[in-house]
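Residue-level structure breakdown
What follows is the residue order along each chain.
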Amino acid sequence: MDQSPNICDDSFNYHAADAICVFSIQYNYEITLDDVRCRDNSWENCTFSETHNCQHSEDVFLACRNVEGGTEFTLVDSAGEEVGAGELGLLLYNGGTVCDDDFDNNAAEAICVELGFNGATRWTSRHVFSIQRNYEITLDDVRCDGETWITCSFSTDHNCGHPEDIFLQCF
């Protein structure tokens, strides 16, 4: 790709969105890519056409997550230090805690995978670390239709207290 593309929505999917975000391309005002198809989130596994049959009404608009700098999730211990596989940790999202409303095994699995682990061992709430009061609650109503974060919906508004914070153990 010689220039930054506006992308037509023909054949576009989540794999293509992830691949483009990873590839770190920027928008331009001419449509330069069409029929983007990706097997996974690696740009090398994508095919596309640099000619198009599109109008700007078909432009794709992306909100890219920070794929290079890591995830917005973290697991911490009672001292606020990051924990690894096999350790139960307080789940943080963008520096705040995650409420247990609607949280289930799919959500646990999706977040562990998003963190780079293989999956979830267990999750709980009603656990207490004294550091919880130092954090705002930044995520609530996490509902996942599958075991990947892209299948999840959530709210950044909450109706929770810290006794509802999620503790998660990944493997």
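The notes below deal with the structure included here.

This part is about unusual backbone geometry. Despite not being glycine, D102 has its phi angle at roughly 65 degrees, a positive value. Mapped onto the secondary structure, D102 falls in the loop between β6 (96-98) and α2 (105-114). What makes D102 partly exposed here is its relative accessible area of 39%. At R126, a residue that is not glycine, the phi angle is positive and equals roughly 65 degrees.

The alternating pattern of strand β10 (residues 167-170) places F167 and Q169 and L168 and C170 on opposite faces, both of which are buried. In this structure, strand β5 (residues 88-93) lies alongside β10, joined through three bridges in antiparallel fashion. The residue bridging L88 from the neighbouring strand is Q169, located in β10. Here four bridges tie strand β7 (residues 120-124) to β10, and the two strands are oriented antiparallel to one another. Counterpart to W123 in the pairing with β10 is L168.

Per the stated rule, a full pass over the model turns up four disulfides. Across the disulfide, C99 is cross-linked to C160 (sulfur-sulfur distance 1.9 Å). An S-S torsion of about -90 degrees defines the bridge between C99 and C160 as left-handed. Of this pair, C99 sits in the loop between β6 and α2 while C160 sits in the loop between β9 (152-155) and β10; the two residues are 61 residues apart in sequence, bridging distant segments of the chain. The disulfide bridge from C112 ends at C170, spanning 1.9 Å between sulfur atoms. The disulfide joining C112 to C170 has a torsion of about -80 degrees about its S-S bond and is therefore left-handed. Placement of the pair is C112 in helix α2 and C170 in strand β10, with a sequence separation of 58 residues. Overall, the relative accessible area of 0% leaves C112 in the buried class.

The rules we used
- Residues numbered from 1 in each chain as written.
- Predicted model: local features only at pLDDT ≥ 70, side-chain atom pairs only at ≥ 80, totals over all residues.
- Heavy atoms only, no water.
- Helix = DSSP H or I, 4+ residues; strand = E, 2+ residues; numbered from the N terminus.
- Buried < 20%, exposed > 50% of the residue type's maximum accessible area, 1.4 Å probe, protein only.
- Pairing = 2+ DSSP bridges.
- Disulfide = S-S within 2.5 Å.

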